[in-house]
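Geometric and topological summary
The residues making up each chain are set out below.
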Amino acid sequence: MANFELTGIEIKSNNSHANSKLHTEDVFVKTRYGQILVTIQGQRGKTPIITFPDIGLNSKTQFHGFFDYPDNSPLMASFCCYHINALGQEENAPTLPQDFVYPTCDQLAQTVIDVVNHFNLKSVICFGIGLGANILSRFCLLYPDLVNACILLNCVSTKCGWVEWGYQKWNRWYLSSGQYTEFTNNYLLWHHFGYKTWENNHDLVQTYSDIFSRTNPVNLSLLINSYISRTDLGLQRPEFDQSPKEHKYNFRCSVLNVMGDESPHDDDVVETNGRLDPSKSAFVKFSDCGGMILEEQPAKMAEALRHFLQGLGYVPHLSVTSHSLANRHSEQAIRFKLLHQSAEESRLLDENVAYADVPVLLEENKNQNQIA
């Protein structure tokens, strides 16, 4: 028997700009805490959407693929995305100085207003995931007049718990020494996917393991330290019998609160939903989905985003049935099933008729032989 040598498969990262269908550009913006990278998707002058990624990812690896998704093509004709990276988290970022004081979560929210002012944006729509959802929530609460709507995925509104603090402290210790260990990789996989997706979708997990390993470990340790030191958002849910003159500390814009059915942050997202104003918020929970919603269920998320924006008066000309790739595929599947079912029924009917004639013919031959 011939001997075969098993070799590893190298996963190469694709150039996001080269594969992007949208006009894409990189702009470094000077903020009060340092220079950050903003990647822009779409044509400037359209309605702006600002995004902020989760820990371990940057603007390109978190958002570019989703907004390039075919279902979002009609939507992106009316919007322009400004993807904000946290300080030192972009691709090939230089290591921050050893004595650098990394901004807190509240200060990271201040970098968002620096970006908004740099591009002279009058009003924005916010779209954040995980840590990014927490940062953009603070920005919405600090500058409510600038925000028209907010989309939050896996948003945590409370302080860091003891279990999260313990795991992240270990991660920070390894990363701050320049080490990217298996312990850190496994924690990031759980943080982004949850156990079910981790166990069932090996290709996706392997791809993101490779992405996580390319982050700057020292810079990531500083970001993690800021995230576990976060303060409570202080949201106060309005009561139904509350006097109109009493105002609770909460979002003044409409909020879309999203999570996956198998999300590792289930309890935190439900807690956040319980603190939102029910008259200005919507809660969406996707089945067959972990924490990486944009990768696991992009069609469903694109449809939910379109519905939410249309409810606020944006893109009223888009028809769900004609612009949803998922719906088109569903309709094609239904038509194929009906066509296949009709053909199968016709075939079975012909066979039944043929089988039904056989006993009659045999009986007639038998009677004729008896007469003879």
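Quick note: structure is the one above.
To keep things clear, this report deals only with the structure shown in the data block. Everything quoted here is computed from the prediction, not taken from an experiment.

Let us now look at the sheet that holds strand 6 (residues 147-153). Reading across from one edge, 1-2-4-3-5-6-7-8 is the order of the eight strands in this open sheet, with mixed pairing throughout. Only two strands of the sheet have a single partner each, and these edge strands are strand 1 (24-31) and strand 8 (281-286). Each neighbouring strand pair of the sheet contributes to a mean axis angle of 20 degrees, computed without reference to strand direction. Of the strand pairs in this sheet, strand 7 (residues 254-260) and strand 8 are connected by six bridges, and their pairing is parallel. For Gly260, the partnering residue across the bridge sits in strand 8 and is Phe286. Of the strands in this sheet, strand 1, strand 2 (34-41), strand 3 (47-52), strand 4 (79-84) and strand 5 (124-129) are in contact with helix 2 (residues 59-67), which crosses strand 2 at around 15 degrees. Packed on one face of the sheet, helix 11 (residues 266-275) meets strand 7 and strand 8 and runs near 160 degrees to strand 7.

Time to look at the nonpolar core. Membership of the largest hydrophobic core comes to 62 residues, with the highest contact counts inside it found for Ile50, Val112, Phe119, Cys126, Phe139 and Phe251. The residues contacting Phe119, other than those within four sequence positions of it, are Val27, Val29, Val38, Ile40, Arg44 and Tyr82. Leu75, Met76, Leu256 and Leu305 belong to the second-largest nonpolar core, a separate cluster that totals 30 residues.

What the rule picks out here adds up to 20 aromatic pairs. Both rings, one in Tyr195 and one in Trp198, keep their centres 6.1 Å apart while their planes meet at 10 degrees; by these two values the pair is stacked. Here the residue Tyr195 and the residue Trp198 both occupy positions in helix 8 (residues 195-200), the gap between them amounting to three residues, near one helical turn. Take Trp198: its relative accessible area is 23%, and that puts it in the partly exposed class. Taken together, the ring pairs in this structure connect Tyr167, Trp170, Trp173, Tyr174, Phe183, Tyr187 and Trp190 into an aromatic cluster. Directly above the aromatic system of Tyr227 lies the positively charged group of Arg230, at a separation of 4.3 Å from the ring centroid.

Moving on: unusual backbone geometry. Working note: non-glycine residues mostly have negative phi, and peptide bonds are mostly trans. With a phi angle near 55 degrees, Asn120 is a residue other than glycine that sits in the positive phi range. Relative to the elements of secondary structure, Asn120 occurs in the loop between helix 4 (105-118) and strand 5. Exposure remark for Asn120: the relative accessible area of 52% places this residue in the exposed category. We note that Asn154 has phi near 55 degrees; this positive angle belongs to a residue other than glycine. Mapped onto the elements of the fold, Asn154 is located in the loop between strand 6 and helix 6 (162-176). On the basis of relative accessibility, which here comes to 3%, the residue Asn154 falls in the buried class.

Criteria and thresholds
Counting of residues starts from 1 at the beginning of each chain's written sequence and follows it residue by residue. Residue-level local features of this predicted model are given only where pLDDT is at least 70; pairs of side-chain atoms are given and counted only at 80 or more, and the full residue set underlies all totals for whole chains, interfaces and linings. To get the side-chain values, take all heavy atoms of the structure and skip hydrogens and water. By this definition, two strands are paired if DSSP reports at least two bridges between them. Secondary structure elements are defined from DSSP: runs of H or I of at least 4 residues count as helices, runs of E of at least 2 residues count as strands, and each element is numbered from the N terminus. Lines are fitted to the C-alpha atoms to define the axes, a helix being fitted only along its stretch in contact, and any angle between axes, read from their N-to-C directions, falls within 0 to 180 degrees. We call two residues contacting when some pair of their heavy atoms lies within 4.5 Å. By nonpolar core is meant a set of buried Ala, Val, Leu, Ile, Met, Phe, Trp, Tyr and Cys residues that side-chain atoms within 4.5 Å join together. Any residue under 20% of the maximum accessible area for its type is buried, any over 50% is exposed, and the rest in between are partly exposed; the area is computed with a 1.4 Å probe on protein chains only. Side-chain rings of Phe, Tyr and Trp (the six-membered ring for Trp) are treated as a pair once their centres are within 6.5 Å; stacked means planes under 30 degrees apart, edge-to-face means over 60, and tilted covers the remaining angles. Only Lys NZ and Arg CZ are tested; either one counts as a charge over a ring when it is within 6 Å of the ring centre and within 35 degrees of the ring normal.

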